[in-house]
Amino acid sequence: MLLPPLREGAEYQIYQIYQIRFFVILVCFCARQQFGRANGKDASMINAEKDILTTADTAKLLGVSVRTAQLLIEGGTIPSWKTPGGHRRVYRADVMALIESGGRSAPAPTSSTVVIIAAAVRLAQYRELAGQMPECTAEMFDDILAALVSIGAMKPHAIIVDLEDAVAELKPLIESLAENPALAQSRLLAVGRPSALSWELPARVMRVASPGEAMAALRKWIGGDEEPILEQDGLPYPIALNERQRLVALERTGLLDSPPEEAFDRLTWLAAQSLDTPIALMTLLTPTRQWFKSRIGLDLPETPRSWAFCNHTILQRQVFSVPDLSRDSRFADNPAVRGEPGFRFYAGAPVHDDEGFVVGSLCVIDQKPRTLDEREARTIEALAALASDEVRLRKMDRKLREMQRAKDRARP
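Residues numbered from 1 in each chain as written. Predicted model: local features only at pLDDT ≥ 70, side-chain atom pairs only at ≥ 80, totals over all residues. Heavy atoms only, no water.

**Section: the side chain of T137**
Relative to the helices and strands, T137 resides in strand β5 (residues 137–141). Owing to a relative accessible area of 19%, T137 belongs among the buried residues under this scheme. Non-local contacts of T137, meaning those with residues more than four positions away in its chain, are made with S112, T113, V114, R317, H352 and G356. (Helix = DSSP H or I, 4+ residues; strand = E, 2+ residues; numbered from the N terminus. Buried < 20%, exposed > 50% of the residue type's maximum accessible area, 1.4 Å probe, protein only. Contact = heavy atoms within 4.5 Å.)

As structure tokens, then:
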């Protein structure tokens, strides 16, 4: 039989549908072969155009890791569908179209940056609320011109405009933001009581009554409607609401499994020297691994992600430190704490890409308990910011090289 034996009940109808689809595809396949022969074409060439590929086949064709191919498929860059068994499949023609476009058709991951425009007296409240959402990077302005410059440069995930003060002055701003095609993917939020408005908001602008409601809406948007790439239940560490997008952003940095680079090694060396610790690392977190882009004082090139203290760091806005890992219930059973090498002290700060996503961390580790002072915290934060700049520079360099290759291909 071409399909498994049909079952009774509702499943019978489902199998009938798939059986019908199977035979339709088979008939079309045979017709295309016959058509190709009739027109003097090689049938194998026609078949190749519509070959059905697995994720592994796609990765081989693109010359990337299986993990990268999976993210491109699940993120919608390459059109796909699921088989009855739940496996993703793609057409070879769609993969070839992506290759021929030089990747230009691949949508960039949605930015995690949020721009907030409010009166100076209101920004403190927004700052406190945004501090509870490590998945996004909040840029706050009480100056409209400065906000517009920032918005034009970063194409933020969301723009929040507080209408409690200077409502009339903000009307042209909101209307221009709503009409700007470059911001079609950005969410627009107006915060204020209905009584504060004497004019109607554009259709695509969502209105909420308070900063708290604005942040609740933002949290829902960042989480998205897609199934999480990692299930939180059963995991020994927390994950971000936008973990899928974060992983796509990480893949697009091109840093994973890349050779050592002096720029990053210099930063980890400075971290170890400045804080007088035997170990300093720049970590990148994949779904299963904690991979070290740079490492001082540690021979291991990577660990399982479940071992990573940095799982907590990437959910912080500033420095995350633990004076004694063995006395913290979150880490006491960690193999690197309970056994060799017997880690005790940890401190790290998040490393961001140009879209505001946290791709990893810069951290220091010691085998004896200690407390992080203010100067040391500022040092780690500054070094992590420099590491973020290096990540952005490399991404910009890759974009420029891709643009140059596209120009070279377009030349006669």
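**Some words on the packing of aromatic side chains**
As enumerated under the stated definition, the model contains five aromatic pairs in all. Ring geometry for F309 and F343: centres 6.4 Å apart, planes at 70°, overall edge-to-face. Note that F309 is positioned in the loop between β11 (302–304) and α12 (310–313) and F343 in the loop between α13 (335–338) and β13 (345–352), a separation of 34 residues in sequence. Through a chain of ring-to-ring contacts, the aromatic side chains of F309, F320, F331, F343 and Y346 assemble into a single cluster. One Lys or Arg, R370, reaches over the ring of F345 and ends 5.0 Å from the middle of that ring. (Phe/Tyr/Trp six-rings, centres within 6.5 Å; stacked < 30°, edge-to-face > 60°. Lys NZ or Arg CZ within 6 Å of the ring centre and 35° of its normal.)

**Description of the nonpolar core**
Residues M282, L284, V351, L362, V364, L372 and I380 are the most contacted members of the largest nonpolar core, which totals 26 residues. For this core, the secondary structure elements donating two or more residues are α11 (262–275), β9 (279–285), β13, β14 (358–366) and α14 (374–410). A total of six residues in this core trace back to one element, the largest contributor, which is α14. Excluding residues within four positions of it along the chain, L372 makes contact with L275, V319, S321, F345, A347, A377 and I380. (Core = buried A, V, L, I, M, F, W, Y, C linked by side-chain atoms within 4.5 Å.)

**Here we look at the side chain of D328**
Note that D328 resides in the loop between β12 (320–322) and α13. Within the structure, the side chain of D328 is placed 2.8 Å from the side chain of R330, a separation counted as a polar contact. (Polar contact = N/O pair within 3.5 Å; in protein donor to acceptor, adjacent residues only side chain to side chain.)

**Re the environment of Q318**
Within the secondary structure layout, Q318 lies in the loop between α12 and β12. Once the C-alpha coordinates of Q318 and G348 are considered, the two residues, 30 residues apart in sequence, prove to be 8.6 Å apart. If near-sequence neighbours (up to four positions away) are discounted, Q318 is found in contact with G348, A349, P350 and E381.

**Observations regarding helix α10 (residues 243–253)**
For α10, a buried count of nine out of 11 residues is recorded, marking the element as mostly surrounded by other parts of the structure. The complete set of buried residues in α10 reads E243, R244, R246, L247, V248, A249, L250, E251 and T253. Immediately downstream of α10, the backbone of G254 shows phi near 75°, a positive value.

**Structural notes on the confidence of the model for the protein chain**
Considering every residue of the protein chain, the mean pLDDT works out to 79; 78% of them sit at 70 or more. For residues 103–109, every residue scores under 50 in pLDDT, and the model assigns this stretch 15 contacts once sequence neighbours within four places are set aside. Across residues 225–230, where pLDDT falls below 50, the model places 16 contacts with residues more than four positions away in sequence or in other chains. (pLDDT = per-residue confidence, 0-100.)

**Some remarks on the sheet that holds strand β7 (residues 187–191)**
Pairing is parallel across the open sheet formed by five strands, whose spatial order is β5-β4-β6-β7-β8. Since the sheet does not close on itself, it has two edges, and those belong to β5 and β8 (205–208), each with one partner. With strand direction ignored, the average angle separating the axes of adjacent strands in the sheet is 20°. In this structure, β7 lies alongside β8, joined through four bridges in parallel fashion. In the strand pairing of β8, V191 is matched with V208. Set on the sheet, helix α7 (residues 144–154) makes contact with β4 (113–117), β5 and β6 (158–162); between it and β4 the angle comes to about 165°. (Pairing = 2+ DSSP bridges. Axes fitted to C-alpha atoms, helices over the stretch in contact; angles between N-to-C directions.)

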